[in-house]
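# An overview of the molecular structure
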Amino acid sequence: MAYAFINITFPQYRSGACARQAAAYLGRTAFEGFDFTDVARDLVHSEVVLPDAAPAAFENAATLMSLIDLKEAQRMRKTVNRKRWPQIGAFFIVALPPDDEMTLDESLELLQRIVAQIIATNALVAVVAVHDPRRTTPGARNRHAHIVVLLREVDRHGFGKKVRNLFARPRRNSKARRNYMAEGTHWPGLAYEMLQIYLAELGIDDVVD
């Protein structure tokens, strides 16, 4: 049985925990004081997805993440006693089917569809990496992708304004005493639908939990 899962967090800029650290982690590399080369064997795919007008320098994930750190640092008026810190971006973790349910190439096609859906209506950039623990632990089934969507629009000049309409906005139904999604995209539901559709396209007689 295939599983649809998306988790989203919103890391904030810090001098010690930043986009540069994410670049090293995703790419399983050593970069500016962060070293994840000891787990490099599970990296099976990485790419940067850019809008057409993006600067050529953005094609390198490490350079891109350094530049977004610099951009967010420049926008801060103070770095002490802050109540809110600037968000770097939206960090997605997406479950991908293991080899006995879907090949790596098929999983990458599914991932590309999800990424395209995330950045479809905005000129955003996404850093993508796929980690497969089966490369280091025989029998492991939790192949997954990381998608880092930087929340600033991109054009030929670099980073522009922040985008704030990517995510569903919860509303409270006072009579039913529950929350519901009123606007935006509900990404876990979308992941479920896209996986189910793709399995049908491939002729795989499987269901999505």
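Every chain begins its residue count from 1, and numbering advances along the sequence as written. Local features are withheld for residues below a pLDDT of 70 in this predicted model, meaning they are given only at 70 or higher, and side-chain atom pairs are given and counted only at 80 or more; totals for whole chains, interfaces and linings count all residues. Heavy atoms throughout the structure, all of them, feed into the side-chain values; hydrogens and water do not.

Backbone-to-backbone hydrogen bonds pair the strands of a sheet. The strands run either parallel or antiparallel. Here 5 strands make up an open sheet; going across it, the order is S1-S5-S7-S6-S4 and the pairing antiparallel. Every interior strand has two partners, whereas the edge strands, strand S1 (6–9) and strand S4 (43–49), have only one. Between one strand axis and the next, the sheet turns by 15° as a mean value, whatever way the strands run. Two strands qualify as a pair provided DSSP detects at least 2 bridges between them. Each helix is a run of DSSP H or I of at least 4 residues and each strand a run of E of at least 2, with the numbering of both proceeding from the N terminus. With 7 bridges connecting them, strand S6 (residues 125–131) and strand S7 (residues 144–150) associate as antiparallel partners. Residue valine 125 lies in a different strand from S7, and its bridge partner there is leucine 150. All axes are obtained by fitting lines to C-alpha atoms, using only the stretch in contact for helices, and the reported angles, taken between N-to-C directions, cover 0 to 180 degrees.

As a further point, take the nonpolar core. Across soluble globular proteins, you tend to see nonpolar side chains buried next to one another. Here, the term nonpolar core denotes a set of buried Ala, Val, Leu, Ile, Met, Phe, Trp, Tyr and Cys residues that are joined through side-chain atoms within 4.5 Å. Relative accessible area decides the class of each residue, using a 1.4 Å probe on protein chains only: under 20% of the type maximum gives buried, over 50% gives exposed, and in between gives partly exposed. Judged by nonpolar contacts, the single largest core of 32 residues is most densely connected at Phe92, Leu111, Ile118, Ile147 and Val149. Every element with two or more residues in this core is listed here: strand S5 (89–95), helix H3 (104–118), S6, S7 and helix H4 (187–202). At 7 residues, the largest contribution of residues to this core is made by H4.

For any pair of aromatic rings, geometry is given as the distance between the ring centres together with the angle between the planes. Aromatic rings from Phe, Tyr and Trp, with only the six-membered ring used for Trp, were paired whenever their centres fell within 6.5 Å, and each pair was classed as stacked if the ring planes differed by under 30 degrees, edge-to-face if by over 60, and tilted otherwise. Taken as a whole and judged by the stated rule, the model has 2 aromatic pairs. On the basis of an interplanar angle of 85° and a centroid distance of 5.2 Å, the ring pair of tyrosine 25 and phenylalanine 36 is categorised as edge-to-face. Of this pair, tyrosine 25 sits in helix H1 (residues 19–27) while phenylalanine 36 is found in the loop between strand S3 (34–35) and S4, placing the two residues 11 residues apart along the sequence. According to the relative accessible area criterion, tyrosine 25 is partly exposed, its value standing at 32%. Over the face of the ring belonging to tyrosine 25 we find arginine 28, whose NZ or CZ atom lies 4.6 Å from the ring centre. The criterion is that NZ of a Lys, or CZ of an Arg, lies within 6 Å of the ring centre and within 35 degrees of the ring normal, and then a charge sits over that ring.

Turning to the environment of arginine 113, a few remarks are in order. By the element assignment, arginine 113 lies in helix H3. Arginine 113 gets classed as partly exposed once you look at its relative accessible area, which sits at 29%. Sequence-wise, arginine 113 and tyrosine 198 are 85 residues apart; in three dimensions their C-alpha atoms are separated by 9.7 Å. Any two residues having at least one pair of non-hydrogen atoms within 4.5 Å are treated as being in contact. Setting aside chain neighbours within four positions, we find arginine 113 in contact with Met194, Tyr198 and Glu201. Think of a polar contact as two N or O atoms within 3.5 Å of one another; within protein, one of them needs to be a possible hydrogen donor and the other a possible acceptor, and neighboring residues in sequence only count if both atoms come from side chains. Among the polar contacts made by the side chain of arginine 113, one reaches the side chain of glutamate 201 at a distance of 2.9 Å.

This part is about the side chain of histidine 144. Here histidine 144 shows up in strand S7. Since its relative accessible area comes to 17%, histidine 144 is described here as buried. For histidine 144, the residues in contact, after removing those within four places along its chain, are Ile93, Val94, Ala95, Leu96, Ala129, Val130, His131 and Pro133.

As a further point, take the pairing of S6. With 7 of 7 residues buried, S6 is to be regarded as a mostly interior element. Side-chain alternation along S6 places Val125, Val127, Ala129 and His131 on one buried face and Ala126, Val128 and Val130 on a second face that is also buried. In this sheet, S6 lies alongside S4 in antiparallel orientation, the contact comprising 6 bridges. Residue histidine 45 lies in a different strand from S6, and its bridge partner there is valine 130.

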